Amino acid sequence: MIDRFFRRLIALIEWWAALLLVLMVVVVCLGVFFRYALNSALVWYDEFASYLLVWLTFYGAVVASYRRRHIGFEVVVDRFEPKTRRIVDFISECFVLSFQFVLFYYGWLLVTKMGDGSATSLTWIRMGWVYSVLPITGGLMLLISLMRLVEFTFAKQRERGSAAAWSGSASE
C-alpha cells in the first residue's frame, strides 16, 4: 500500500518536473526571441529560468532517489555476498538519510528566515517560494530513505544492478 502511494507520488512528481522543463524552455525561448527578434531584452527571464532549473534539478533528484538511479558503487557492492551487501546498503542509506535530514532541516530554516524577501528582477516572487524546494524535496527523499531502511531491515533482498533498473536505453 505504501509502495503504491510512492509510485503514484513519483509519477505526479515526474509530471511536475516535465511541466517545469517545458516552462523553462518557453521562458528561455521568449527571452531569446525578445532579445534578438524584437531587440528588447526581458530583464526577468534569466533569473526565472534559473529558479525553474533549480526546481527541476531537485524534483528530478527525488525521482532518481526513488528509482535508485543516483551514483553508486554497484561494481564493487554487487560482488559482495548478499548479507554483506545488505549491511553495506543499510550503512549507505543511513548516510543518505542524514544528508536528506540536513537538506530538509536547513531548507526549512532558510524558508522561514528568507521567505519574505523578493527576487531581484521579479519583485512579486517571494524567495520563500523559491527556497521551498529544499524542505519539500528533502522531506520527500527523507521519506524514501526511511522506506528503504525499513525495507533493508525487514524485507527480502530486492533485485539489484542492471536487472533492477532501466538503463535509459531505447533498446530495452
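Residues numbered from 1 in each chain as written. Predicted model: local features only at pLDDT ≥ 70, side-chain atom pairs only at ≥ 80, totals over all residues. Heavy atoms only, no water.

A. Main features of the overall build of the protein chain. The secondary structure content of the protein chain amounts to 6 helices and 0 strands. Helices and strands appear in the protein chain in the N-to-C order α-α-α-α-α-α. Here the protein chain has a C-alpha radius of gyration of 20 Å; the compact-globule value for 172 residues is 16 Å, and the former is much larger. Taken along the three principal axes of its C-alpha coordinates, the protein chain extends 65 × 45 × 30 Å. The proportion of buried residues among the 172 residues of the protein chain is 34%. Nonlocal contacts in the protein chain, meaning residues at least 24 apart in sequence, comprise 75% of its contacts between residues at least 6 apart. Per element, the accessible surface of the protein chain, about 11700 Å² overall, is 69% carbon and sulfur. Within the protein chain, one finds 17 positive and 13 negative side-chain charges whose respective centroids are separated by 4 Å. (Helix = DSSP H or I, 4+ residues; strand = E, 2+ residues; numbered from the N terminus. Rg over C-alpha atoms; globule rule 2.2 N^0.38 Å. Buried < 20%, exposed > 50% of the residue type's maximum accessible area, 1.4 Å probe, protein only. Contact = heavy atoms within 4.5 Å. Areas by Shrake-Rupley, 256 points an atom, 1.4 Å probe, with all protein chains shown as cover. Lys, Arg positive; Asp, Glu negative; His and termini not counted. Charge placed at Lys NZ, Arg CZ, Asp CG, Glu CD.)

B. Main features of the nonpolar core. One finds Ile10, Ile13 and Val62 to be the most contacted residues of the largest nonpolar core, which totals 32 residues. Of all the elements in the fold, those that place two or more residues in this core are α1 (2-37), α2 (45-66), α5 (127-131) and α6 (133-154). Here the element with the most residues in this core is α2; it accounts for 12 residues. When sequence neighbours within four positions are dropped, the list of residues in contact with Ile10 reads Val62, Val63, Tyr66, Arg67 and Ile144. (Core = buried A, V, L, I, M, F, W, Y, C linked by side-chain atoms within 4.5 Å.)

C. Molecular detail of the confidence of the model for the protein chain. Scored by pLDDT, the protein chain comes out at a mean of 86, with 90% of its residues at no less than 70. The element-level mean pLDDT for the protein chain is lowest in helix α3 (residues 74-77), coming to 81, with α2 highest at 94. (pLDDT = per-residue confidence, 0-100.)

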